[in-house]
Amino acid sequence: MPNPWTGKGNPYTRQEVRDRLSAALGRGEPIIAAGAGTGISAKFIERGGADLLIIYNSGRFRMSGHGSTCGLMAYDDANQVAMDIGEYEVLPVVEEIPVICGVHGTDPRRRMWHWLGKVKDMGFSGVNNFPTHTIVDGQFRKVLEETGMSVQKEIEMIGLAHRMDLFTIVYVATADEAKAMADVGADAIIAHVGTTVGGSIGVTGAVCSMDDAVRRTQTIIDGARSSGRKDIFFLSHGGPIATPEDAAYVNQHTDCVGFVGASSLERLGVEGPLVELTQRFKKIPAPAAKR
């Protein structure tokens, strides 16, 4: 049902979001979810026809000209940044697109049930587990796991959000993580294959090949399906999957039905056009300049 106070738009129930996504698939369309770090990004991504908006704390850094990985660092309060972008920039300007809040589920300073209540009251229709420790590996991942900041905390947060009737769309990097998220009720699972390539602040060397991205994505999908559920939406994200053509290739070679773009939509969508427009302005005639 629409917002009871305005008659349209956020918040939506979990089932209402699922119904909207299923309707898109029923029309033969892919599901496209987009990160929005500013209100103007959100406004025009909605006009472009995206199905979901996701608010990441990394969006603030990304749209300030810094790498998205800043969102994983201790540069600000990840949960509060996402809440503020939603409250003051995105939710006031979008019309009907469901808005999802990135939640740092391992934050030890918050009673997660209480924080998720605030997220819901603000008008978000769902949550995503970002910042996520699923994309951290090696020795540092072991340290996080052993010191109370484990991925299990993210899984528990998603399970709680599911019970609170919030739509849940989650990042995972392995088949085991995918199954665990499926087991607690995740509605959509995003195969995260690394930081997005390209542009002025994308990665260059720290990226997998497209063939590897396809293989990893399908492995994650198979892991989630081992839970026995058949109602999960599978999406791709990151690494070499940076353009519409890349996302189409993954859809064609896996069981993905859509794509999640943050840098690949709002950052890459700004960088090139701004350069080109500025260059065009610099070429306009100015007859009085030499007088």
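Scroll up to find the structure this text is about.
Just so it is clear, the structure is predicted and the values come from calculations on it, not from any experiment.

Novice: Now, about the packing of helix α8 (residues 175-183) against helix α9 (residues 210-225): what can you tell me, with residues and values included?
Specialist: The interhelical angle for the contact between α8 and α9, taken along N-to-C directions, is 40 degrees, at an axis separation of 7 Å. Of the two elements, α8 crosses α9, and the hand of that crossing is right-handed. For the pair α8 and α9, contact is made by A175, A178, K179 and A182 and by T219, I220, G223 and A224, respectively. Within the contact of α8 with α9, the residues separate by chemical class into 5 nonpolar, 2 polar and 1 charged.

Novice: I'd like a rundown of the packing of helix α7 (residues 151-163) against α8, residues and numbers included.
Specialist: Direction vectors running N to C along α7 and α8 enclose 30 degrees, while the axes themselves pass 9 Å from each other. Relative to α8, the element α7 lies roughly parallel. For α7 against α8, the interelement crossing comes out right-handed. Contacts from V151, E154, I155 and I158 of α7 reach α8 at E177, A180 and M181.

Novice: Explain the environment of G28 to me, using residue names and the numbers behind them.
Specialist: Structurally, G28 is set in the loop between α1 (14-26) and β1 (31-35). Along the backbone, G28 and V257 are 229 residues apart, and their C-alpha atoms lie at a distance of 9.8 Å.

Novice: So what about the nonpolar core? Which residues, and what values?
Specialist: In this structure, L53, V90, V103, V127 and I189 are the most contacted members of the largest nonpolar core, which totals 54 residues. With residues up to four places along the chain from it excluded, the contact list for V90 reads A36, T38, A42, L53, I55, I85 and V99. Core analysis: the second largest hydrophobic core is formed by 19 residues, V17, I54, A188 and L235 among them.

Novice: Explain the state of the cysteines to me, and be specific about the residues and the numbers.
Specialist: On inspection of all chains with the given rule, the structure shows 0 disulfides. Distance from the sulfur of C101, which forms no disulfide, to the nearest cysteine sulfur (C70) is 19 Å. For C101, a relative accessible area of 0% corresponds to the buried category. No disulfide involves C208; its sulfur sits 13 Å from that of C256, the nearest cysteine. For C208, a relative accessible area of 14% puts it in the buried group.

Novice: Quick rundown of the layout of surface pockets? Include the residues and the values.
Specialist: Counted as a void, the largest pocket has a volume near 780 Å³. Lining the largest pocket are 38 residues, with T69, G71, L72, M73 and P131 positioned closest to its centre. Listing elements by their share of the lining of the largest pocket, those giving two or more residues are α3 (58-62), α4 (78-90), α6 (138-146) and α11 (263-282). Broken down by class, the residue content of the lining of the largest pocket amounts to 16 nonpolar, 16 polar and 6 charged. In this structure, the second largest pocket spans a volume of roughly 260 Å³. As for the second largest pocket, its lining consists of 13 residues, and the residues nearest its centre are S41, F44, I45, G48 and L265. Going through the elements one at a time, β1, α2 (39-47) and α11 are the ones with two or more residues in the lining of the second largest pocket. Looking at the lining of the second largest pocket, its residues break down into 8 nonpolar, 4 polar and 1 charged.

Conventions and cut-offs
- Residues numbered from 1 in each chain as written.
- Predicted model: local features only at pLDDT ≥ 70, side-chain atom pairs only at ≥ 80, totals over all residues.
- Heavy atoms only, no water.
- Axes fitted to C-alpha atoms, helices over the stretch in contact; angles between N-to-C directions.
- Helix = DSSP H or I, 4+ residues; strand = E, 2+ residues; numbered from the N terminus.
- Left-handed = near helix turned anticlockwise from the far one by under 90°.
- Contact = heavy atoms within 4.5 Å.
- Nonpolar A, V, L, I, M, F, W, Y, C, P; charged D, E, K, R; others polar.
- Parallel < 35°, antiparallel > 145°, perpendicular 65-115°, else oblique.
- Core = buried A, V, L, I, M, F, W, Y, C linked by side-chain atoms within 4.5 Å.
- Buried < 20%, exposed > 50% of the residue type's maximum accessible area, 1.4 Å probe, protein only.
- Disulfide = S-S within 2.5 Å.
- 1 Å grid on protein atoms, 1.4 Å probe; cavity = no way out; pocket = protein on both sides within 12 Å on 5 of 7 lines; lining within 4 Å.
- Points joined across faces, edges and corners; volume = space filled by probe spheres on them.

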